[in-house]
Amino acid sequence: MQRMILRDAALADFSGTEIIPANALPELIELYSSRTTQEKAGTFFLPGQLIEGVYFGVRSNGRLVAAAGTHLINRGESVAAVGNVFCLPAYRSKGLGTRVTSAVVNGLIQEGIQTIGLNVSPESPAAQLYRRLGFRDVCLYIEGTAEQ
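Fair warning: this is a prediction, and the values are worked out from it, not measured in the lab. (Residues numbered from 1 in each chain as written. Predicted model: local features only at pLDDT ≥ 70, side-chain atom pairs only at ≥ 80, totals over all residues. Heavy atoms only, no water.)

### What to know about the overall build of the protein chain
Moving on, step 1. When its secondary structure is counted, the protein chain shows five helices and seven strands.
Moving on, step 2. When the helices and strands of the protein chain are read in sequence order from the N terminus, they spell out β-β-α-α-α-β-β-β-α-β-α-β.
Moving on, step 3. Radius of gyration (C-alpha) of the protein chain: 15 Å, near the 15 Å computed for a compact globule of 148 residues.
Moving on, step 4. Projected onto its principal axes, the C-alpha positions of the protein chain cover 45 × 40 × 30 Å.
Moving on, step 5. Burial analysis of the protein chain (148 residues in total) assigns 41% to the buried set.
Moving on, step 6. Put simply, the protein chain shows about 8,300 Å² of open surface, and 52% of that area lies on carbon and sulfur atoms.
Moving on, step 7. Here the protein chain holds 13 positive side-chain charges and 13 negative ones, and the gap between their average locations is 6 Å. (Helix = DSSP H or I, 4+ residues; strand = E, 2+ residues; numbered from the N terminus. Rg over C-alpha atoms; globule rule 2.2 N^0.38 Å. Buried < 20%, exposed > 50% of the residue type's maximum accessible area, 1.4 Å probe, protein only. Areas by Shrake-Rupley, 256 points an atom, 1.4 Å probe, with all protein chains shown as cover. Lys, Arg positive; Asp, Glu negative; His and termini not counted. Charge placed at Lys NZ, Arg CZ, Asp CG, Glu CD.)

### Overview of the environment of Tyr 32
Moving on, step 1. Tracing the chain through its elements places Tyr 32 in helix H1 (residues 25-33).
Moving on, step 2. By relative accessible area, which is 3% here, Tyr 32 ends up buried.
Moving on, step 3. Measuring from C-alpha to C-alpha, the distance between Tyr 32 and Asn 84 comes to 8.3 Å, with 52 residues separating the pair along the chain.
Moving on, step 4. Excluding residues that lie within four positions of it along the chain, Tyr 32 makes contacts with Lys 40, Phe 45, Tyr 55, Ala 67, Ala 68, Asn 84 and Phe 86. (Contact = heavy atoms within 4.5 Å.)

### Brief notes about the packing of aromatic side chains
Remark: the centre distance and the inter-plane angle together describe each pair of aromatic rings, the angle taken between the planes.
Moving on, step 1. Summed over the entire model, instances satisfying the criterion amount to three aromatic pairs.
Moving on, step 2. Relative to Phe 135, the ring of Tyr 130 lies with its centre 6.1 Å away and its plane at 70 degrees, an arrangement referred to as edge-to-face.
Moving on, step 3. Look at Tyr 130 and you get buried, because its relative accessible area is 9%.
Moving on, step 4. On the basis of relative accessible area, Phe 135 is assigned to the buried category, the value being 0%.
Moving on, step 5. Linked through ring pairs, Tyr 32, Phe 45 and Tyr 55 together constitute an aromatic cluster. (Phe/Tyr/Trp six-rings, centres within 6.5 Å; stacked < 30°, edge-to-face > 60°.)

### Structural notes on the nonpolar core
Moving on, step 1. The biggest cluster of nonpolar side chains holds 40 residues, and the ones touching the most others in it are Ile 20, Leu 28, Val 82, Leu 108, Ile 116 and Phe 135.
Moving on, step 2. Elements with a minimum of two residues in this core: strand S1 (2-6), H1, strand S3 (56-60), strand S4 (63-74), strand S5 (79-87), helix H4 (96-110), strand S6 (115-120) and helix H5 (125-132).
Moving on, step 3. Dropping the residues within four chain positions of it, Leu 28 is found in contact with Ile 20, Phe 45, Leu 50, Tyr 55, Leu 64 and Ala 67. (Core = buried A, V, L, I, M, F, W, Y, C linked by side-chain atoms within 4.5 Å.)

### Brief notes about the pattern of salt bridges
Moving on, step 1. Counted according to the given criterion, the structure contains four salt bridges.
Moving on, step 2. Among the salt bridges present, the one from Arg 59 reaches Glu 18, with a minimum N-O distance of 2.7 Å. In this pair, Arg 59 is assigned in strand S3 and Glu 18 in strand S2 (residues 18-19), connecting sequence segments 41 residues apart.
Moving on, step 3. Looking at Arg 59, the relative accessible area reads 27%, which means it is partly exposed.
Moving on, step 4. We classify Glu 18 as partly exposed; its relative accessible area is 32%.
Moving on, step 5. Two residues, Asp 137 and Arg 131, come together in a salt bridge whose shortest N-O distance is 3.0 Å. (Salt bridge = Lys/Arg side-chain N within 4 Å of Asp/Glu carboxyl O.)

Read these as layout, nothing more, since geometry by itself doesn't imply function.
In structure tokens:
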């Protein structure tokens, strides 16, 4: 996996995005449950992430079709990790992932968060998206399960 940190924000236009409030949790769970097994690999979502974090989405005809948020946020330490970026297949290649990720990063910057990072597979097309937004590679690491 590649760890990336925001160095020089170059955010895209995030018009058309909206904050996903806690009462929209069922919609967000429905969106994330549509991920394929391969898309779910290495990801996680817990309801507390929405309640405590920063989440933005895009709707089409009232339906949540793209979202991004924070895996964790520690306002006291001024650090956050962006994650849970997902777009329904029918809405891909329209820039929605870029828009929702930009909205989340902007929200974190507006809150005064100083260190914004994320983790991504180096082979993922999303890695290039994050670089365009101002994230820079920090280190590679191996993610796995420890066994005795």
